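Next come the chains, spelled out residue by residue.
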Amino acid sequence: MQTTSEYAAPCRSRVFAPSALLATVDRWLGLMVEIPAALLVVAEIVVLFSGVAARYVFHRPLVWSDELASILFLWLAMLGAVIALRRGEHMRMTAFVSRLGETAREFFGALAVTAGLAFLVLIVSPATHWAYEESFITTPAMEIPNAWRAAAFPVGVVLMIVFSLIRLAMRSRLLPTLAALVLTAAAVGVLWQLGPVLKPLGMVNLLIFFVGIVGVCVFAGVPIVFSFALATLGYLALTTRVPLMTLVGRMDEGMSHLILLAVPLFVFLGLLIEMAGMAKAMVRFLASLLGHVRGGLSYVLIGAMYLVSGISGSKAADMAAVAPALFPEMKARGAKPGDLVALLSATGAQTETIPPSIVLITIGSVTGVSIAALFTGGLLPGIVLAIGLCVVVARRYADDDLSHVQRASWGEIARSFAIAFPALALPFVIRAAVVEGVATATEVSTIGIVYSLIVGALFYRQIEWRRFGKILVDTAALSGAILIIIGAASAMAWGLTQSGFSRTLATAMTQLPGGAVGFMAVSIVAFIILGSVLEGIPAIVLFGPLLFPIARAVGIHEVHYAMVVVLAMGLGLFAPPFGVGYYAACAIGKVEPDEGIRPIWAYMLALLIGLIVVAAVPWISTGFL
């Protein structure tokens, strides 16, 4: 699985050249979307930080701040999804498609676009009607029609249709594109004609749509968001009497939780600390402590990922901040590139529970578990898995020759600590703000952003103001890709619940042999698989509301269960051959994926053993609550 998709503009054709007019239209339309999206990120930061300052400093709360933030948030999510589509950054599985011949890859690449286009065309009318219905609702604080917020959905859908059409017109080969269009239209037509046959099938339709269609779409390389959305739309339209406006409403509800505002803000914070030099300062301090021991820089990598994960909440941002600072020196000491990306990928899985993990925020939004409790419970499990990785590192680098490596003096260590101290303090500032009640889990990211801006500008003096536009657009794109998947998975989970599947699942899971132990074992296996195929966030949005009540029913603490399933998903997410996190690590480390496959399995085994320990000892997750 990877994020580079066939939505990205292809190279010039050997068959027909893309029109210069289309390229110009694409560029100008892209700017017209990117500029408002970047401004929306800034507006969200200003609004939420103003709310914190008004409440905590001036003791005069802004009653409208959350409402305004919610209105801007849906626009940010939809425009971000448009940017992600235009840039080819929607998550998709390419493990099978990438092994095919060139012509077949062209066909499936076009199919990824046409399948998404089919959903967008089918949903544009229900989205418009839904936005119109929302115009009759007045917001309580600002007293304006809710259409100002709801209009973001149809506008985003229309823009995605436009960019999808441009991508199809600019593709390099005409015949595979036409074939994909014909196949997509034929599939929609056949399913529409089969509607009367499908309705009497009852629960069998769940297998047809949520296993068959989702599976075919995902393995054919269709972006996950459209795989989920097409299956849900087909199920509701062809087998139920539920109006399709309901699908739009459920997607909106899933992606509009105020808690999820933390997603773009923590993504921006992760990019900001990398630009400000704060991540490098932390890495240099750890390297001065451990760089002289065998495998020392590998220990530094594990520790640095733990620390940086406590700031950004985005694994891609974490790896991008740490790897460039360590990999050159590790290669100079003789480390093999494959082993480096293997360890980087493993640390990505190991640190999934470190607050402010975006997955933990998502769990809190869809299951109602306390975000503060999840943040507190996530620290120790990460340490347990880190110990397992350190054991593998110690064995793997036991024979390292460090005769050419000079040990840092105490003076050098002290200087590097003094330089790194403002950066090292940031995770504690974030956690203290939540624990002391200064800010909510959503608002605390703005405190981190303001802190990083001040420290980066005045202390490190490495902030490149020219890069701000780029990281604001990158924030919007990544956030949009995440949030629209949450919306599609929420709608799909609602469809499964309405079908009665949740009751059937609950009955089956509660009757598993072994009680709580059997349920936990099945959950670990299931979420490892789901993490590798669907990624963490869509998997938890889809199955969290179904499985967390069962966990409570069989006597498992919800925070303990959250830690186990998040670590299990991380194991699947960062393990080859399907895990997108592994390929992200390879891309960041600029290493071919084949080189890391053999060395990663020892790290994966260590993580699995650590996961079993966390599952067997609830105190690790709940001891500090």
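Structure: above.
Heads up: these notes are all about the structure in this document. (Residues numbered from 1 in each chain as written. Predicted model: local features only at pLDDT ≥ 70, side-chain atom pairs only at ≥ 80, totals over all residues. Heavy atoms only, no water.)

A contiguous nonpolar surface patch, about 750 Å² in accessible area, is contributed by Leu605, Leu608, Ile609, Ile612, Val613, Val617, Trp619 and Phe624. Element by element, the count of residues in the nonpolar patch is highest for helix H27 (residues 593-616), at five residues. On the secondary structure map, Phe624 appears in the segment after helix H28 (619-622). (Patch = residues over 30% accessible without salt bridge, like charges linked within 9 Å, V, L, I, M, F, W, Y side chains within 5 Å. Areas by Shrake-Rupley, 256 points an atom, 1.4 Å probe, with all protein chains shown as cover. Salt bridge = Lys/Arg side-chain N within 4 Å of Asp/Glu carboxyl O. Helix = DSSP H or I, 4+ residues; strand = E, 2+ residues; numbered from the N terminus.)

Here the focus is the nonpolar core. Counting 209 residues, the largest nonpolar core has Phe119, Phe153, Ile363, Phe527, Leu547, Tyr561 and Tyr603 as its most contacted members. Take this core: its biggest share by element is 18 residues, from helix H21 (residues 468-498). In this structure Ile363 touches Gly368, Leu374, Ile540, Phe548, Ala562 and Val566, once residues within four positions along its chain are discounted. Membership of the second largest hydrophobic core comes to five residues, among which are Phe107, Leu111, Ala180 and Ala220. (Core = buried A, V, L, I, M, F, W, Y, C linked by side-chain atoms within 4.5 Å. Buried < 20%, exposed > 50% of the residue type's maximum accessible area, 1.4 Å probe, protein only. Contact = heavy atoms within 4.5 Å.)

Time to look at the pattern of salt bridges. Throughout the structure, instances matching the rule amount to 13 salt bridges. With its nearest N and O atoms 3.3 Å apart, the salt bridge here joins Arg86 to Asp26. Residue Arg86 is located in helix H2 (residues 65-87), and its partner Asp26 is located in helix H1 (residues 20-56); the two are separated by 60 residues in the primary sequence. Here the two residues Arg86 and Asp26 agree in accessibility, since each one is buried. Note that Asp339 and Arg396 form a salt bridge whose closest N and O atoms lie 2.6 Å from each other. One end of the pair, Asp339, is in helix H15 (residues 337-350); the other, Arg396, is in helix H18 (residues 379-396), and 57 residues separate them in sequence. Residue class for Arg396 comes out partly exposed when judged on its relative accessible area of 33%.

Running from N to C, helix H9 (residues 224-239) and H21 point in directions that differ by 30°, and their axes come no closer than 9 Å. When the interaxial angle is binned, H9 and H21 end up roughly parallel. Of the two possible hands of crossing, H9 and H21 adopt the one that is left-handed. Facing Ile224, Val225, Phe228, Ala229, Thr232, Tyr235 and Leu236 of H9, the residues of H21 in contact are Ile484, Ile485, Ala488, Ala489, Ala491, Met492, Trp494 and Gly495. (Axes fitted to C-alpha atoms, helices over the stretch in contact; angles between N-to-C directions. Parallel < 35°, antiparallel > 145°, perpendicular 65-115°, else oblique. Left-handed = near helix turned anticlockwise from the far one by under 90°.)

This part is about empty space enclosed by the protein. Over the atoms, a rolling probe the size of a water molecule traces out where space has been left empty. What the rule picks out here adds up to two cavities of 30 Å³ or more. Roughly 40 Å³ of volume is contained in the second largest cavity. Looking at the second largest cavity, the residues that line it are Phe119, Leu120, Phe153, Val157, Met160, Phe226, Met251 and Ile484. When residues of the lining of the second largest cavity are traced back to their parent elements, those giving at least two are helix H3 (102-134) and helix H5 (152-169). Here the lining of the second largest cavity takes three residues from H5, the largest share from any one element. Here the lining of the second largest cavity is composed, by residue class, of eight nonpolar, no polar and no charged. (1 Å grid on protein atoms, 1.4 Å probe; cavity = no way out; pocket = protein on both sides within 12 Å on 5 of 7 lines; lining within 4 Å. Points joined across faces, edges and corners; volume = space filled by probe spheres on them. Nonpolar A, V, L, I, M, F, W, Y, C, P; charged D, E, K, R; others polar.)

Attention now moves to the packing of aromatic side chains. Evaluation of the coordinates by the stated rule reveals 14 aromatic pairs. Measuring from centroid to centroid gives 6.1 Å for Trp130 and Phe153, while their planes differ by 70°, and the two rings are edge-to-face. Taken as a pair, Trp130 in helix H3 and Phe153 in helix H5 lie far apart in primary sequence, 23 residues in all. Each member of the pair, Trp130 as well as Phe153, is classed as buried. A cation sits over an aromatic face here: Arg396 above Tyr603, 4.7 Å from the ring centre. (Phe/Tyr/Trp six-rings, centres within 6.5 Å; stacked < 30°, edge-to-face > 60°. Lys NZ or Arg CZ within 6 Å of the ring centre and 35° of its normal.)

Compared with the 20 Å implied by 1.5 Å per residue over 14 residues, the 20 Å span of H15 between its first and last C-alpha is a close match. Most of H15 sits out of view: 13 of its 14 residues are buried. (Expected span 1.5 Å × (residues − 1).)

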